[in-house]
Number of protein chains: 2
Amino acid sequence: MDVHHGMTGITADQLKQAHDADLAIQGEEQVTFEQAWADPDSGLVYCLSEAPDADAVQRIHQRAGHPADEIHPVPLTI
Amino acid sequence: MDVHHGMTGITADQLKQAHDADLAIQGEEQVTFEQAWADPDSGLVYCLSEAPDADAVQRIHQRAGHPADEIHPVPLTI
């Protein structure tokens, strides 16, 4: 799970564009972005992915132009 | 999306117990907890739910014994 800060006012179109930019190159790092959720009021965006490690996620996000502010492996899920 | 802090060392069993405690009473507030992800190292737990509002989510989490530290509506998803 990674978190982006400061995305206040993000629109559905902007979220889709950012997500599509990740999807376009994610295979180069064996990352699969599964879902993203955004709160335009607080400017927080959460992205869930399957990935070899946090660094691979960050490399994709950086190359797509939106580095994450936090990345937390979430080995437990229910 | 709500976030719990300080859950360092949480186990799969503890995550399931906490989630089950939410599920047992969620209907009383028209909340549906969909999924939860935990990082035992950082102690962060993320919960995704459908709910009338953030207060309804917090009432369920409080009654279940684990109030959230942050609750962010995520009207945008992809």
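For the structure itself, consult the block above.
Report follows, based on the coordinates. All values reported here derive from a predicted model rather than from experimental measurement. (Residues numbered from 1 in each chain as written. Chains lettered and ligands numbered in written order. Predicted model: local features only at pLDDT ≥ 70, side-chain atom pairs only at ≥ 80, totals over all residues. Heavy atoms only, no water.)

**Observations concerning the sheet that holds strand β1 (residues 2–4) of chain B**
For step 1, the next point in the chain: An order of β5(A)-β2(B)-β3(B)-β1(B)-β4(B) is seen for the five strands of this open sheet, with the pairing classed as antiparallel. Each edge of the sheet is formed by a strand with only one pairing partner; in this case those strands are β5 (76–77) of chain A together with β4 (70–71) of chain B.
For step 2, the next point in the chain: Pairing of strand β2 (residues 32–39) of chain B with strand β3 (residues 44–50) of chain B, which is carried by seven bridges, proceeds in the antiparallel orientation. Note on β3(B): the bridge partner recorded for B:Gln35 is B:Leu48.
For step 3, the next point in the chain: The sheet strands contacting helix α1 (residues 12–25) of chain B are β5 of chain A together with β2 and β3 of chain B, and the helix crosses β2(B) at an angle near 160 degrees. (Pairing = 2+ DSSP bridges. Helix = DSSP H or I, 4+ residues; strand = E, 2+ residues; numbered from the N terminus. Contact = heavy atoms within 4.5 Å. Axes fitted to C-alpha atoms, helices over the stretch in contact; angles between N-to-C directions.)

**Structural notes on the packing of aromatic side chains**
For step 1, the next point in the chain: Counted by the stated rule, this structure contains two aromatic pairs over all chains.
For step 2, the next point in the chain: On the basis of an interplanar angle of 55 degrees and a centroid distance of 5.6 Å, the ring pair of A:Trp37 and B:Trp37 is categorised as tilted. One end of the pair, A:Trp37, is in strand β2 (residues 32–39); the other, B:Trp37, is in strand β2, on a second chain.
For step 3, the next point in the chain: Between the aromatic rings of A:Tyr46 and B:Tyr46, the centroid separation amounts to 5.9 Å while the plane-to-plane angle is 70 degrees, which identifies the pairing as edge-to-face. Residue A:Tyr46 is located in strand β3 (residues 44–50), and its partner B:Tyr46 is located in strand β3; the two belong to separate chains. No difference in accessibility class separates A:Tyr46 from B:Tyr46, as the two residues are buried. (Phe/Tyr/Trp six-rings, centres within 6.5 Å; stacked < 30°, edge-to-face > 60°. Buried < 20%, exposed > 50% of the residue type's maximum accessible area, 1.4 Å probe, protein only.)

**Considering the pattern of salt bridges**
Residue and element names in this part refer to chain A.
For step 1, the next point in the chain: Scanning all chains against the criterion turns up six salt bridges over all chains.
For step 2, the next point in the chain: Note that Asp20 and Lys16 form a salt bridge whose closest N and O atoms lie 2.7 Å from each other. Of this pair, Asp20 and Lys16 both sit in helix α1 (residues 12–25), separated by four residues, roughly a single helical turn.
For step 3, the next point in the chain: Where Arg63 meets Glu28, a salt bridge forms, and the shortest distance between an N and an O atom there is 2.8 Å. Remark: Glu28 occurs in the loop between α1 and β2 and Arg63 occurs in helix α2 (residues 54–63); sequence separation between them is 35 residues. (Salt bridge = Lys/Arg side-chain N within 4 Å of Asp/Glu carboxyl O.)

**Here's the deal with the relation of the copies chain B and chain A**
For step 1, the next point in the chain: Each copy of the sequence occupies a distinct position, and chain B is placed on chain A by a rotation of 180 degrees and an axial shift of 0.0 Å, giving an RMSD of 0.0 Å. These values place the two chain copies in the arrangement generated by a two-fold rotation axis. Among all residues of chain B, the one whose C-alpha sits closest to the rotation axis is B:Tyr46, at a distance of 4.9 Å. (Least-squares fit on C-alpha atoms with pLDDT ≥ 70 in both.)

**Details of the pairing of β2(B)**
For step 1, the next point in the chain: Note: β5(A) against β2(B), two bridges, orientation antiparallel. Opposite A:Leu76, over in β2(B), you have B:Ala38 as the bridge partner.

**Observations concerning the sheet that holds strand β1 (residues 2–4) of chain A**
Sheet strands line up and pair through hydrogen bonds in the backbone, either parallel or antiparallel.
For step 1, the next point in the chain: Pairing is antiparallel across the open sheet formed by five strands, whose spatial order is β4(A)-β1(A)-β3(A)-β2(A)-β5(B). Taken across any chain shown, the strands that pair with only one partner, and hence form the sheet edges, are β4 (70–71) of chain A together with β5 (76–77) of chain B.
For step 2, the next point in the chain: Strand direction decides the pairing type here: β1(A) and β4(A), joined by two bridges, are antiparallel. Within β4(A), the residue paired with A:Val3 across the bridge is A:Glu70.

**A word on the interface of chain B and chain A**
For step 1, the next point in the chain: If you look at the interface, chain B gives 27 residues, while chain A gives 27 residues.
For step 2, the next point in the chain: For the pairing of chain B and chain A, the buried interface totals around 2200 Å² over both sides, and the portion due to carbon and sulfur atoms is 72%.
For step 3, the next point in the chain: The largest contributions to the chain B side of the interface with chain A come from B:Trp37, B:Leu76 and B:Ile78, which together make up 34% of the buried area.
For step 4, the next point in the chain: For the side of chain B that touches chain A, the secondary structure elements donating two or more residues are α1, β2, β3 and β5 of chain B.
For step 5, the next point in the chain: Looking at which element gives the most residues to the side of chain B that touches chain A, the answer is β2(B), with six residues. (Buried area = accessible area lost by both parts, 1.4 Å probe.)

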